[in-house]
Every structure is written in C-alpha cells, then in structure tokens.
Amino acid sequence: MNNYNFKVVAELRNDLTEVQRESIIKEINELQDEFKIIKIDDFTYCKSGKIKEHDDFGAVSFFFFALEDIKEYFKRLEYYDLWEGDKRIAV
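Everything numeric here is computed off the predicted structure, so don't read it as measured data.

## A short note on the packing of aromatic side chains
Within this structure, the stated rule accounts for 6 aromatic pairs. Taking the centre distance of 5.3 Å and the plane angle of 65 degrees together, the rings of phenylalanine 6 and phenylalanine 57 count as edge-to-face. Here the residue phenylalanine 6 occupies a position in strand 1 (residues 6–12), and phenylalanine 57 occupies one in helix 2 (residues 57–68), the gap between them amounting to 51 residues. Judged by relative accessible area, which is 4%, phenylalanine 6 ranks as buried. Accessibility expressed as a relative area gives 45% for phenylalanine 57, which makes it partly exposed. Ring centres 5.2 Å apart and planes at 50 degrees place the aromatic pair tyrosine 45 and phenylalanine 63 in the tilted group.

Below is the structure:
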C-alpha cells in the first residue's frame, strides 16, 4: 500500500436526484482520470501509482479544488494534508 501524503474525502448528498447523482459521479470520474486519482474506499480519494516524497500534492489538490467548484452536491468535502496534519473543510 502507498503512503499517501494527501487525500480527499468526498461524500455526495443523500437528497440528490438520480440525474444529479449520475451527472456528478460522471464528473468525478472524469476528474479522477484527468488527475490520476483513485478511490480507495467509499469516500476517500488519493493519487494513483507509487508516491514519491510529496508528488501527490498537485494531483490531489487540483482534484479537491475542482470538486470545491461543485461543493453544493456534497454533504462532506474535505482535503487532508497527512504529512502536516492539516485539514481543509469545504462542506
């Protein structure tokens, strides 16, 4: 298992319509492809591949900022810097 330095926790709201949910999931999947992000459990996203030092910072940060632009669809959206112990909460 990789030693991640950064992660995003993103949980969709329960009251989304099926159309909204499908649309947001599609957008999240496209962002995952763009930034090479994998989903490691129900709500947690990290950089795919082998992590070297802190090279996961950019991919995970940009992924989080892109999700932050559509934060109204999330009941939980958080960015964790595991190395520094910091957390940024968007929702």
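Read on, since the account is not over.
## Some details on the pairing of strand 4 (residues 74–81)
Summarising burial for strand 4: 6 of the 8 residues are buried, a large majority. Pairing between strand 1 and strand 4: 7 bridges, direction antiparallel. By the bridge assignment for strand 4, lysine 7 is matched with tyrosine 80. What sits between strand 4 and strand 5 (residues 86–89) in their antiparallel hairpin is a turn of 4 residues, with glycine 85 showing a positive phi close to 80 degrees.

## Some details on unusual backbone geometry
If a residue is not glycine, its phi is most likely negative; likewise, a peptide bond is most likely trans. For lysine 36, which is not glycine, the phi dihedral falls at a positive 55 degrees. Residue position: lysine 36 is located in the loop between helix 1 (18–35) and strand 2 (37–39). In the Ramachandran plot, glutamate 53 falls in the positive-phi region, its phi being about 50 degrees despite a non-glycine side chain.

## Looking at the pattern of salt bridges
Per the stated rule, a full pass over the model turns up 5 salt bridges. The closest approach of N and O atoms between glutamate 11 and lysine 75, which form a salt bridge, is 3.2 Å. With a gap of 64 residues between them, glutamate 11 in strand 1 and lysine 75 in strand 4 connect regions that are remote in the sequence. For glutamate 11, a relative accessible area of 14% gives the class buried. The salt bridge involving aspartate 55 is made with lysine 47; its shortest N-O contact spans 3.9 Å. You can call aspartate 55 partly exposed: its relative accessible area is 36%. Its relative accessible area of 16% is what places lysine 47 among the buried residues.

Reading the values: rules and limits
Residues numbered from 1 in each chain as written. Predicted model: local features only at pLDDT ≥ 70, side-chain atom pairs only at ≥ 80, totals over all residues. Heavy atoms only, no water. Phe/Tyr/Trp six-rings, centres within 6.5 Å; stacked < 30°, edge-to-face > 60°. Helix = DSSP H or I, 4+ residues; strand = E, 2+ residues; numbered from the N terminus. Buried < 20%, exposed > 50% of the residue type's maximum accessible area, 1.4 Å probe, protein only. Pairing = 2+ DSSP bridges. Salt bridge = Lys/Arg side-chain N within 4 Å of Asp/Glu carboxyl O.

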